[in-house]
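Spelled out from the first residue to the last, the chains are:
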Amino acid sequence: MPDLSCDALNCAHNKNRRCSINSIIVGGRYAKNSVGTCCENFTEQTTPETLTSRELTDLSIDCQAKNCRYNSDCNCYANSVSIGGRDACECRETECSTFRKK
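The rules we used
- Residues numbered from 1 in each chain as written.
- Predicted model: local features only at pLDDT ≥ 70, side-chain atom pairs only at ≥ 80, totals over all residues.
- Heavy atoms only, no water.
- Helix = DSSP H or I, 4+ residues; strand = E, 2+ residues; numbered from the N terminus.
- Contact = heavy atoms within 4.5 Å.
- Salt bridge = Lys/Arg side-chain N within 4 Å of Asp/Glu carboxyl O.
- Buried < 20%, exposed > 50% of the residue type's maximum accessible area, 1.4 Å probe, protein only.

A. Examining unusual backbone geometry more closely. The phi dihedral of Asn16 is positive, around 55 degrees, even though this residue is not glycine. Not every positive phi belongs to a glycine, and Cys74 is a case in point at roughly 65 degrees. Checked against the element boundaries, Cys74 lands in the loop between β7 (71-72) and β8 (75-76).

Rendered as structure tokens:
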């Protein structure tokens, strides 16, 4: 299971810079760099936190970025994944900072 850190502080799923859901989708089918990717699960936090932090026992990352070296059959195989987007208000303002071009 990869370690997933998240810098998208406005995301409803972000709990202490960790994602609180067990499956995410990294978009950016034709991305050539990290800016061309996004976390499609980003949901802007509009109310005070209601989710509680929880320990994830299984995390899957569906990666649509076919040009990323960590993508194999649309699954991410990086040991550690970082999602960026500190001031993001929508998913297109996020990115997979771990993206590395093949």
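B. Representation of the environment of Asn75. Along the chain, the position of Asn75 falls in strand β8. Residue contacts for Asn75: discarding those within four places in its chain leaves Ile61, Cys63 and Tyr70.

C. Quick look at the pattern of salt bridges. The tally for this structure, following the rule as stated, stands at four salt bridges. Among the salt bridges present, the one from Arg17 reaches Asp7, with a minimum N-O distance of 2.5 Å. Of this pair, Arg17 sits in the loop between β2 (14-15) and β3 (18-19) while Asp7 sits in the loop between β1 (3-6) and β2, placing them 10 residues apart in sequence. Residue classification places Arg17 among the partly exposed positions, given a relative accessible area of 38%. Since its relative accessible area comes to 23%, Asp7 is described here as partly exposed.

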